[in-house]
Number of protein chains: 2
Amino acid sequence: MTEPSKVKGRIHPGPPKHDPRDTISTQAWGFEDTTFAVDSTGAITVTGDRYPGLSGERLPDLLPWFRKVVEVDFPLEPGEAHFELPPVPEPRSANGFLAEIDQSLDADQITTDPAVRLRHGHGHTVSEINAVRTSGFSRIPDYVVFPENEDEVSAIVRAAVHAGVVLMPYGGGTNVTEALRCLPYEERPIVSVDMTRMDRIEWIDPVNRMAKIQAGAAGRLIQAQLAEHGFTMGHEPDSVEFSTLGGWIATNASGMKKNRYGNIEDILLDVTVVSALGKLERSQVVPRESIGLDPKLWIIGSEGSLGIITSAVVKLFPLPSERRYGSVVFKKFESGLAFMYELAQQDVYPASVRLVDNLQFQFGQVLKPASKGAKKVKSKVEKWLVTGPLGFDPGEMVAVTLVFEGTKEEVDRQEKLVYQLSKKHKGFKGGAENGKRGYLLTFGIAYIRDFVLQHNILGESFETSVPWSQAQDLVDRVKRAIYQAHDERKLPGRPFVSCRVTQIYETGCCIYFYMAFYAKGVADAVGAYHEIESVARKEVIAAGGSISHHHGVGKLRLPFVNDIMSPAMQAWREQMKFALDPQGVFAAQLPLESHDDAAQSAAVQVAS
Amino acid sequence: MTEPSKVKGRIHPGPPKHDPRDTISTQAWGFEDTTFAVDSTGAITVTGDRYPGLSGERLPDLLPWFRKVVEVDFPLEPGEAHFELPPVPEPRSANGFLAEIDQSLDADQITTDPAVRLRHGHGHTVSEINAVRTSGFSRIPDYVVFPENEDEVSAIVRAAVHAGVVLMPYGGGTNVTEALRCLPYEERPIVSVDMTRMDRIEWIDPVNRMAKIQAGAAGRLIQAQLAEHGFTMGHEPDSVEFSTLGGWIATNASGMKKNRYGNIEDILLDVTVVSALGKLERSQVVPRESIGLDPKLWIIGSEGSLGIITSAVVKLFPLPSERRYGSVVFKKFESGLAFMYELAQQDVYPASVRLVDNLQFQFGQVLKPASKGAKKVKSKVEKWLVTGPLGFDPGEMVAVTLVFEGTKEEVDRQEKLVYQLSKKHKGFKGGAENGKRGYLLTFGIAYIRDFVLQHNILGESFETSVPWSQAQDLVDRVKRAIYQAHDERKLPGRPFVSCRVTQIYETGCCIYFYMAFYAKGVADAVGAYHEIESVARKEVIAAGGSISHHHGVGKLRLPFVNDIMSPAMQAWREQMKFALDPQGVFAAQLPLESHDDAAQSAAVQVAS
């Protein structure tokens, strides 16, 4: 289909620049140059120079504090974080499929390399990362293909339909829903379609503030290229360095600055998809429309189950002329939550506003590096807060971190409003530096999970959304449920349970939970982790929270769909999937009926 | 399904108060008490007292001006606007269906009354209104049922599935897409499901700013009841007095104040639907979530083709403490459009901002009543604008009408920004009174279409959305295409063609066109109207505009879906419909393959 009117003034950027330093780890989160390690003094250090305030720093307070929290004086495991490749099953034969795609793809676009196949068979749950370091999976993709344009994707899908092959689209591999896990009982060959070679911005339309971007473009590439032309998509999920546009659409993603730029559904104008029935595309893109049944909407949150997203047209925003950070401390979580609620009732929100509970506030403190005297300054202020007339309790106080973006006038106005409200709730300004640090730490602390895993601590996050009136109750119930489930299983020490409110809406908020516990010597540690997380999820739903705010369902949360949807609504999902993909080519979201793989990897003792 | 946590503080309003004066016309737009008529002096008057500035007024300038514009000195048809009921086909037998629903519905909930059935068989296109005044339709619903609760809707759908009956949900009957037209070749009995007895607000949750509202509630009832509790949904389409919540969701509607409150997809939190596969409902409602394939999204814009919407949970907003109106005149359309574009690039929009072209500006002037000296004041300002140093051309100038809502501070800020920008584009403030009038006229002028129809003028509106860079070109091309198509058909006089920009987005705008021409003595007037409208629609699409911004597709625009969607995308729509409604019970959106009825009604001379 051709576009009816060529828009004047479109910019056609070249291919993105790939920084050779941006090598991505295969058995841990993030870039290879960044890891948490233990130095000769026994203090935790961070390698690389990527994350200011963290990279290259020593963090002497972290380990003692964490040992105290989990109530286990756990030893550090010696040695570097290096892991052998676990056993990888042989690829199944798929000769018909390979013969057909051979006509469209070059040899370097198809691989059976065990390490590559392994990486394409999982996301980033702690159970998956544990498995890739230990027992591996009984089933992973048999082939990985790397299409470089839409026609090649079409050829792959056609061949899969002809040959009865399963396709699973792959973007950044950052999902935390087991979306990429291969079903052990799947008899057909499984092909992972790695979209990351389709990473170009096809055009930028500066007049109409739109860009057409290929689905495999990672967030950092999109950000860098748009910034060269003065624009941003504004979409900044925690995983923005690695996750891709296609993944954002497929998981119905949310960015940390959604208050200013919207969630992915607000940013998305058009999408092109290669499905089992052919290519879905439109001859035009408009700001908003009413066209009856709209397949674009069905793709949002489709999690790879309906087709392969090849590109999308998204809204752009001018880069903000002003960005300021801020932070506020409150005496206790309830006060912080009351502040967040009242802020949500206003008409102007900061780009990002997040409330961390006391444990996470402490965590932020102990993550401060030994250098630069930051700790001393902090201590002075904190001492005053605690011993002064305000009487803050270090075991109760919480913090809000703020990012303001816009014109100078807008930012002034946002700041004024926020600090008026925080004052009303007896909040005390914590300074811009702490706010900036709090926001940027998001990217750095993602690496800690794999560090602690190496030291026998299983931990990860899960999120929900909930109406305001139920938020406090949900937090209390979920924390209680986790402590109790941990107790009941007689696991060592005490779990780390913490939460933060990461998004506000008029009607409610998004809450992230972090849960970790020491698991050395526990027979079925990963299994126990799954069980406790399930207990927590059940409690979330019972307290009125959603299955997920933005991570999605994948295979991990599919069992909980029963709890929130009527049978007819579930039947709609099944019927629709069957109608649009009658052969089940896109098998990403079929239920993992038994947790065979999880059970198997759990049977191997964690990191031992 | 039961709600997991009962939200505290929910308000349960009683049933809405129905004003006995709110009787709705059956063969014309709107309330029965309001009509345009001709008084003894030959001037146009407006009956009733509903619309300030219009109702009860004489409009001496309107007729002479309109005659000039259409270049026909047309005579007024004598007599009152009263129309006989056209021939109405006998209802087909549906004994099995009736026997089954008889167990659930009372006698007064089922009717075969010819006038009621006729009314339920059409919306508000000019062709439909012409038909109900003349030849009628060859096929209309055989029965109309009036469910009063969700269980009754379920009983109706079950019975329809069992008996092979077609269901067509009916809300306000205000659609302009022929969505309610019955297919002449439909052999099965057709039952219209009138939802208007399900018009209650089930609850208001003031803490979380949500309300659950039954789908048959008309906008005016929702507005009045929410206002009693200090809230608004903020959704104000032109048809808000009559159209219903269910209709808004089913057509993917847009309100005039979407800048402040969002379009329907932004306001909708949850929806309950009775489908052929059972009842779709959720056990919880949350601010935002990611749950994989989400049937809620499929219902948006489903136009009655997938099931019957029975209720929805929507966002609420506090009633604005401040509302101000405003207007700005610009020298020409291009300047007004440049102003609208620049405003769209800001971060703060007024609740409503609309740009009318010169013809519509003139229309607004001649609609001013003879009373109150308004005309004299206007003339003085206009005379100064035209003869003064600014040199406005009365045949070129255009106007922007503005509605500001929010707190005093917000409204101050919006005003400041808007008037700064308008000054930059050499706009001249036209005053709050003109702005208010411009906004409120929306509701009153809807009655003119049926008045002029009575005097042999066919006219109505259609809308589109388009990226900014193509907006001016689209307007020029569409106007030119209409003039040319009118010429080619050697129709009398000259068509009235006018447009306004009614919504702004960062990426583009919504444009409404108004088209009318004198048709007395034209053999196939309605046919000619359809043809010209089709020419215009083709031109809209060729110029990069959408099929519809918010009216929807219905049956009228279905042929154009080919022009914008790839075959696979169309196949998705068909497969999905078939999967979720395998028997085709919800037959609202099947294509009207031949325009039999239109042709038939066109064969009867218009109003003669």
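Look above for the structure.
A few points on the structure. Small disclaimer: the values here were computed from a predicted structure and weren't measured.

Contact residues are listed per partner, giving 96 residues for chain B and 96 residues for chain A. Of the roughly 7,800 Å² buried where chain B meets chain A, counting both sides, 57% is carbon and sulfur surface. Taken as a group, Arg288, Leu293 and Trp572 of chain B account for 13% of the area that chain B buries against chain A, more than any other trio of residues on that side. Between glutamate 409 of chain A and arginine 413 of chain B there is a salt bridge, with its nearest N and O atoms 3.2 Å apart. Our count for the contact surface shared by chain B and chain A stands at 50 residue pairs in polar contact (both at pLDDT 80 or more).

Moving on: the sheet that holds strand S11 (residues 268–275) of chain A. Strand order in this open sheet of five strands is S8-S9-S13-S11-S12 (chain A), and the pairing throughout is antiparallel. In this open sheet, the two strands that pair with only one neighbour each are strand S8 (201–205) and strand S12 (278–280) of chain A. Neighbour-to-neighbour, the strand axes of the sheet open up by a mean angle of 10°, direction not taken into account. As paired elements, S11 of chain A and strand S13 (residues 307–315) of chain A share seven bridges and run antiparallel to each other. Across the sheet, residue valine 271 of chain A finds its bridge partner in S13 of chain A, namely alanine 312 of chain A. Strands S8 and strand S9 (210–214) of chain A of the sheet are contacted by helix H6 (residues 219–228) of chain A, whose axis makes an angle of about 40° with S8 of chain A. Sitting on the sheet, helix H20 (residues 567–580) of chain B is in contact with S11 and S12 of chain A, with an inclination near 90° to S12 of chain A.

Attention now moves to helix H12 (residues 358–366) of chain B. In terms of burial, H12 of chain B is largely enclosed, as eight of its nine residues are buried. The complete set of buried residues in H12 of chain B reads Asn358, Leu359, Gln360, Phe361, Phe363, Gly364, Gln365 and Val366 of chain B.

All names here are of chain A. A cluster of acidic residues, Glu334, Asp393, Glu396 and Asp476, forms a negative patch at the surface. Position of glutamate 334 among the secondary structure elements: in helix H11 (residues 333–344). Residue classification places glutamate 334 among the partly exposed positions, given a relative accessible area of 39%.

Let us look at the sheet that holds strand S5 (residues 143–145) of chain A. All names here are of chain A. Reading across the sheet, the four strands line up as S4-S5-S7-S6 and stay open at both edges, with mixed pairing between neighbours. Two strands in the sheet have a free side with no partner beyond their single neighbour: strand S4 (110–111) and strand S6 (166–170). The pairing of S6 with strand S7 (residues 190–194) spans five bridges and is parallel. Looking at S7, one finds that methionine 168 is bridged to serine 192.

This part is about the relation of the copies chain B and chain A. Rotating chain B by 180° and translating it 0.0 Å along the rotation axis places it on chain A, where the RMSD comes to 0.0 Å. Taken together, the rotation and translation relating the two chain copies correspond to the operation of a two-fold axis. Mapped onto chain A, 100% of the interface residues of chain B are again interface residues, and the two copies thus contact each other with one and the same surface.

For an α-helix, the turn length of 3.6 residues means that residues three or four places apart are oriented alike. Residues and elements named next belong to chain A. Compared with the 20 Å implied by 1.5 Å per residue over 14 residues, the 20 Å span of helix H5 (residues 150–163) between its first and last C-alpha is a close match. Of all the residues in H5, the buried ones are Glu150, Glu152, Val153, Ser154, Ala155, Ile156, Val157, Ala159 and Ala160. Capping the start of H5 is the job of one residue whose side-chain oxygen sits 3.1 Å from the backbone nitrogen of aspartate 151: asparagine 149. Once H5 ends, the next one or two residues include glycine 164, with phi positive near 70°.

Let's shift gears to the nonpolar core. Formed by 170 residues in total, the largest nonpolar core has its most connected members in Met233 and Trp298 of chain A together with Met233 and Trp298 of chain B. Counting residues in hydrophobic clusters, the runner-up holds 59 residues, among them Ile140, Val348, Trp468 and Ala471 of chain A.

For the rest of this paragraph, the subject is the packing of helix H11 (residues 333–344) of chain B against helix H17 (residues 468–488) of chain B. Residue and element names in this part refer to chain B. Put simply, H11 and H17 touch, their axes get as near as 11 Å, and they point 160° apart. By the angle between their directions, the pair H11 and H17 is classed as roughly antiparallel. Here H11 and H17 pass one another in a crossing that is right-handed. Here Phe333, Glu334, Leu337, Met340, Tyr341 and Ala344 of H11 come into contact with H17, specifically with Trp468, Ala471, Gln472 and Val475. The residue inventory of the contact of H11 with H17, partitioned by class, reads eight nonpolar, one polar and one charged.

Let's shift gears to the packing of aromatic side chains. On inspection of all chains with the given rule, the structure shows 42 aromatic pairs over all chains. Residues phenylalanine 74 of chain B and tyrosine 518 of chain B carry aromatic rings whose centres are separated by 5.6 Å and whose planes lie at 20° to one another, so their mutual orientation is stacked. Taken as a pair, phenylalanine 74 of chain B in the loop between helix H1 (62–70) and helix H2 (95–101) and tyrosine 518 of chain B in strand S21 (residues 508–518) lie far apart in primary sequence, 444 residues in all. Like tyrosine 518 of chain B, phenylalanine 74 of chain B is buried. Summarising the aromatic geometry, the rings of tyrosine 439 of chain B and phenylalanine 443 of chain B are spaced 6.4 Å apart at their centres and angled 85° between planes, so their arrangement reads as edge-to-face. Here tyrosine 439 of chain B and its partner phenylalanine 443 of chain B are both found in helix H15 (residues 432–445), four residues apart, which amounts to about one turn of the helix. These aromatic residues form a ring-pair network of at least three members: Trp65, Phe66, Phe74, Phe363, Phe496 and Tyr518 of chain A. When the ring centre of tyrosine 419 of chain A is taken as reference, the NZ or CZ atom of lysine 429 of chain A above it lies at 4.2 Å.

What follows concerns the pairing of strand S17 (residues 398–406) of chain A. All names here are of chain A. Across the nine residues of S17, nine count as buried, placing the element largely inside the fold. Side chains Val398, Val400, Leu402, Phe404 and Gly406 project from S17 onto one buried face, and the interleaved Ala399, Thr401, Val403 and Glu405 project onto a second face that is buried too. Here strand S16 (residues 352–356) runs beside S17; their pairing, made up of five bridges, is antiparallel. Bridging from a neighbouring strand, valine 356 pairs with alanine 399 of S17.

The rules behind each value
Residues numbered from 1 in each chain as written. Chains lettered and ligands numbered in written order. Predicted model: local features only at pLDDT ≥ 70, side-chain atom pairs only at ≥ 80, totals over all residues. Heavy atoms only, no water. Contact = heavy atoms within 4.5 Å. Buried area = accessible area lost by both parts, 1.4 Å probe. Salt bridge = Lys/Arg side-chain N within 4 Å of Asp/Glu carboxyl O. Polar contact = N/O pair within 3.5 Å; in protein donor to acceptor, adjacent residues only side chain to side chain. Pairing = 2+ DSSP bridges. Helix = DSSP H or I, 4+ residues; strand = E, 2+ residues; numbered from the N terminus. Axes fitted to C-alpha atoms, helices over the stretch in contact; angles between N-to-C directions. Buried < 20%, exposed > 50% of the residue type's maximum accessible area, 1.4 Å probe, protein only. Patch = residues over 30% accessible without salt bridge, like charges linked within 9 Å, V, L, I, M, F, W, Y side chains within 5 Å. Areas by Shrake-Rupley, 256 points an atom, 1.4 Å probe, with all protein chains shown as cover. Lys, Arg positive; Asp, Glu negative; His and termini not counted. Charge placed at Lys NZ, Arg CZ, Asp CG, Glu CD. Least-squares fit on C-alpha atoms with pLDDT ≥ 70 in both. Expected span 1.5 Å × (residues − 1). Core = buried A, V, L, I, M, F, W, Y, C linked by side-chain atoms within 4.5 Å. Parallel < 35°, antiparallel > 145°, perpendicular 65-115°, else oblique. Left-handed = near helix turned anticlockwise from the far one by under 90°. Nonpolar A, V, L, I, M, F, W, Y, C, P; charged D, E, K, R; others polar. Phe/Tyr/Trp six-rings, centres within 6.5 Å; stacked < 30°, edge-to-face > 60°. Lys NZ or Arg CZ within 6 Å of the ring centre and 35° of its normal.

That's the geometry; what it means functionally is another story.
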